Amino acid sequence: MSVSTLGTPSATRLSPAILAGLKRLPEWLVIWVPLLLSAGHVVVFTAWTTWISFTPSTLVPVDGWVGLRNYTSVLGTRNWKIAFDNLLLFGFGFVVLTALVGLLLAILIDQRIRGENVLRSIFLYPMAVSFVVTGTVWSWLLNPGMGVQKLVNDMGWTSFRFDWLVDRDMAIWTIVIAGIWQSSGFAMALFLAGLRSVEADLIKAAQIDGAGPFRMYTRVILPTLWPIVVAVMVILLQFAIRTFDLVRALTGGGPGIATQLPALVIYDFMFQRGHLGRGSAAAVMMLLTLLGVLLPYGAWKYYMRRRAANA
Amino acid sequence: MSALVIRDLRKRFGTTDVLKGIDLDIDSGDFTVLVGPSGCGKSTLLNIIAGLETATSGEIEIGGRVVTAVPPKDRDIAMVFQTYALYPSMTVRQNITFGMECRNVPKAQQAEALERVAKLLQIEPLLARKPAQLSGGQRQRVAMGRALVRDPKLFLFDEPLSNLDAKLRVEMRMEIKQLHARIGASIVYVTHDQIEAMTMATRIAVMNQGEVQQFADPDTVYNRPANLFVARFMGAPPMNTIPATLEGEGDRPVVVIGAGEHVVRLPAPPSIGREWLGKSVIVGIRPECIAEPTRLFGSSTAAGLTITAPVEMTEPTGAETIVVLRLGGQKVLGRVAPDIRLANGALATFAVDTRKLCLFDPQTERLIA
Amino acid sequence: MREQSGFAGPPSVGRAVVYAVVILLAAGYLVPMVVVVLNSLRTAEEIAQTSMIGWPKVWAFQNYTAAWSDFCIAQTCSGIRPYMLNSALVTLPATVFSTLLGAVAGYAISLWRFRGDSWIFALVTLGVFLPEQMRLIPWTIVLRDVGLTNTLSGLVMIHTIQGLSFTTLFCRNYYVAIPQDLMKAARIDGAGFFRIFHRIVMPLSPPILIVTVIWQFTHIWNEFLYGVTFTTGTQQPVTAALIALSASVADVPQYGVQSAAVVVAAVPTLLVYLFGGRYFVRGLTAGAVK
């Protein structure tokens, strides 16, 4: 009982090759249209914005070539300098503190505590909330005239001051606080998965060796976790570089321009000052900053994989 | 008629030649086992036969029809995988009938085929279950059912038993062999386990480094291995291969192993060419050809040749005892009856079956006698 | 893989400290939400007299009706209802389209394999990292040229195409774990591209589809930059409306109503997390730790 569909001679005049091709057309469309749109827009848009950054475009894109003039003028503005300094400060503070808080939360949750699911959801829910909402809410809490400071003052401690939001030097840290609140649950989830995937035999061996909880973490568990630590920090760092909504809603870049970040400056150049060329140049520099983080990470991952493959 | 013909098949991945010109002609009804160490190309060859991979060059013919450019579904084959590859979301019934569904076989005919196969494999009670609810042996049966229902020109088995535990493996081995005897199908079976090859095959193709080393019936592969690789790969423990020289004159050539007080002289196979006299050779001798002195080999009623050799170690397996001894200074394995007790380091006497000696050319490693 | 790594130490000071710290932290994480929800039920006068942090003296449920349908944002006095509708009309189709197309693309890349698949995949993945700022001007021009400037359809298109980077990545990383033998068996059985997808891959997909849908939904719903750049007025999504709202109440603060608007705007994603969060964490970590 052989039930092969073979040998049915093609009655059409089309050649078998074309017929086979037509038969596979739907699947080619379904595969290639999304992939080409997705991959294509990345390539084309990157090239496009990069091209605009070398043109004298202002309100509308125009052809022309001004070399690096857009770049030098962006780099010359005080706005960009402050934004970039802020990015270094914010990036460092946000990434390190979020990772630390996330790690602390993960280790705490990992202690076989009761109500783990509820606690995990509590630490994770800020991730579901938009940066706009996060920024708005924290701007209220941190506002000295109506937030935490006002509450404490009203309760009688009238000399209490918590006015970072309106303090030029400290305002950037309010963004760090809101950022930690929003993202540390995400870091926790990844760390927790890492902690839970440490081999059980490793733990047993360390217990037999007599390691206490502290030594267990510092000497046995955390050393196996560092690839995840690096991955989490890279993800957080690229959040930091792209931060826009949070600042818009929390400080609006203020007081003054004290909390400007590159993403805001780019938007400002492009759509407020109507200078597409400079905005694009700033965007390209932001991309280069991002690549400065991602390329070493990619190279490191590649190296580790090669080493693992050769071992 | 040939069930499968492979002509000068080559496969190249980048700069590595995975298959270096395979030629095989497999008769209809044969149970052919492709055996070899991992990375020898046997699985690639099977995938190419199935049409799942394309060859760099060469030709494949299944049931007299050239199928080199034919997609897998139209090759009239069925395949059983090492991981069984049962569709996890389908019931056993759907797993078995899925191929017929794809080929638009009428429902009634599907049911009929399903029933036939379920009965043959005794899996009727499992038909409504999902693969996750089956034991390893049951999954194995369902995977075979999926292949059998197709009634193809050629069955392909890709290490189907290697995920089973030892006991089940032995049972399934026999079952597959019986199944083959009953339905007389043409089977190509890939394994790295030489015992599976020996027990199941009617023909064995031993592969190494992308080449077929020997293609013959199990008896020939075992007793007359075409080269040193086959000699050392087949059999557990494998054939002893010992450097020696060929001496003697006229029609009585002698294999001389070792020198001085340890020297051992064994009569060489008479078929050895005279030109090998005085040259070094490698002598191959199966462990079971070195036994306790009271052993009678084959139909001979007289005790054969005996030698005396120091015992280095013994390994009782229950059914027999493996002896490590020194033969002319070389480490050699023998197999003696389980009740024989041999002291480590002591001299002992062994009977040697010299009818089955093999001689190999040390340069080309090929069998010369 | 172990379930728990906690140590069976004595239930002493150590565990008490752990519980104390964890409960304190949890309370801290809840503060912002509690404060906003309480404020959404307080009157503007009450907030002005005390602070943002406090228990409602009178329950001002009218804040919600005001926020939902009466309040003025920019020149339009219809509350955030139309903007919520805009967000829904952008988020739902874009989530569905990007998830479905990403699932097919991920399946094609991981299981079907074709010439150049790894190159295409690398480019698609780059889309995850490419900053929005690099795409703002090109999208503006593309929207103008296809006639979708200041339309919800334009945002759907953008979020679908950009979302493909994530959905393809997620699905591909999930599908590579499906054994190749399964694909071989299906091909020998005579199943084609769509039949394998429909009968074999899709039934295995719910875990990753949940992750992808949650990810896309929250991202698109919460997205602000594109919304504020490519749409204006009553075409804006709710995130942009919230910013516009806080700008238009700058003179006469209406924190009660504003809080109500914030709560309403956050509810859809919070609900999605509440019901799907567990699967999301499971799937996300499985993919990300790899």
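The structure we're discussing is the one just above.
Since the structure is predicted, the reported quantities are computational estimates derived from the model, not experimental observations. (Residues numbered from 1 in each chain as written. Chains lettered and ligands numbered in written order. Predicted model: local features only at pLDDT ≥ 70, side-chain atom pairs only at ≥ 80, totals over all residues. Heavy atoms only, no water.)

Caption draft 1: Structural context of the nonpolar core. Within the largest apolar cluster, 219 residues are counted, with the highest numbers of intra-cluster contacts made by F123 of chain A, L4, L45 and L156 of chain B together with Y107, Y175 and I196 of chain C. If one sorts the elements of this core by residue count, helix α8 (residues 171-196) of chain A sits on top with 14 residues. In contact with Y175 of chain C, other than residues within four places in its own chain, are A103, G106, Y107, S110, L111, F197, V201, S205 and I208 of chain C. Counting 47 residues, the second-largest nonpolar core is a separate cluster that includes A78, L134, Y189 and F229 of chain B. (Core = buried A, V, L, I, M, F, W, Y, C linked by side-chain atoms within 4.5 Å. Buried < 20%, exposed > 50% of the residue type's maximum accessible area, 1.4 Å probe, protein only. Helix = DSSP H or I, 4+ residues; strand = E, 2+ residues; numbered from the N terminus. Contact = heavy atoms within 4.5 Å.)

Caption draft 2: Spotlight on the interface of chain C and chain B. Taken together, the 15 residues of chain C in the interface contact 26 residues of chain B. Of the roughly 1,900 Å² buried where chain C meets chain B, counting both sides, 60% is carbon and sulfur surface. Three residues stand out in chain C for area buried against chain B, namely I188, D189 and R199 of chain C, and they jointly supply 39% of the buried area on that side. Connecting chain C to chain B are two salt bridges. The residue R195 of chain C makes a salt bridge to E101 of chain B at a minimum N-O spacing of 3.2 Å. The interface formed by chain C and chain B includes eight residue pairs in polar contact (both at pLDDT 80 or more). Taken together, the elements giving at least two residues each to the side of chain C that touches chain B come down to α8 (180-189) and α9 (193-204) of chain C. No other element matches the eight residues that α8 of chain C contributes to the side of chain C that touches chain B. Residues of the side of chain C that touches chain B, tallied by class, amount to eight nonpolar, one polar and six charged. (Buried area = accessible area lost by both parts, 1.4 Å probe. Salt bridge = Lys/Arg side-chain N within 4 Å of Asp/Glu carboxyl O. Polar contact = N/O pair within 3.5 Å; in protein donor to acceptor, adjacent residues only side chain to side chain. Nonpolar A, V, L, I, M, F, W, Y, C, P; charged D, E, K, R; others polar.)

Caption draft 3: Expanded view of α8 of chain C. By the criterion of burial, α8 of chain C is predominantly enclosed, with eight of the ten residues buried. Looking only at α8 of chain C, the buried set comprises D181, L182, M183, K184, A185, A186, I188 and D189 of chain C. Looking at the buried residues of α8 of chain C, the elements they touch are α1 (42-50), β6 (77-80), α2 (92-102) and α4 (136-148) of chain B together with α4 (81-112) and α9 of chain C. Immediately beyond the C-terminal end of α8 of chain C, within one or two residues, lies G190 of chain C, with a positive phi of roughly 95 degrees.

Caption draft 4: Structural context of the interface of chain C and chain A. Across the boundary between the two partners, chain C contributes 87 residues, which contact 96 residues of chain A. Each partner contributes to the roughly 8,100 Å² buried at the junction of chain C and chain A, and carbon and sulfur atoms together form 75% of this total. Linking chain C with chain A are one salt bridge. A salt bridge links E132 of chain C to R242 of chain A, with the nearest nitrogen and oxygen atoms 2.9 Å apart. Linking chain C to chain A there are 16 residue pairs in polar contact (both at pLDDT 80 or more).

Caption draft 5: Region of interest: the sheet that holds strand β15 (residues 290-291) of chain B. All names here are of chain B. The five strands lie next to each other as β15-β19-β16-β17-β18, forming an open sheet whose pairing is antiparallel. Here the strands that pair on one side only, and so sit at the sheet edges, are β15 and β18 (330-336). Where strand β17 (residues 321-327) lies against β18, seven bridges are found, and the strand directions are antiparallel. Within the sheet, the bridge partner assigned to V323 lies in β18 and is G334. (Pairing = 2+ DSSP bridges.)

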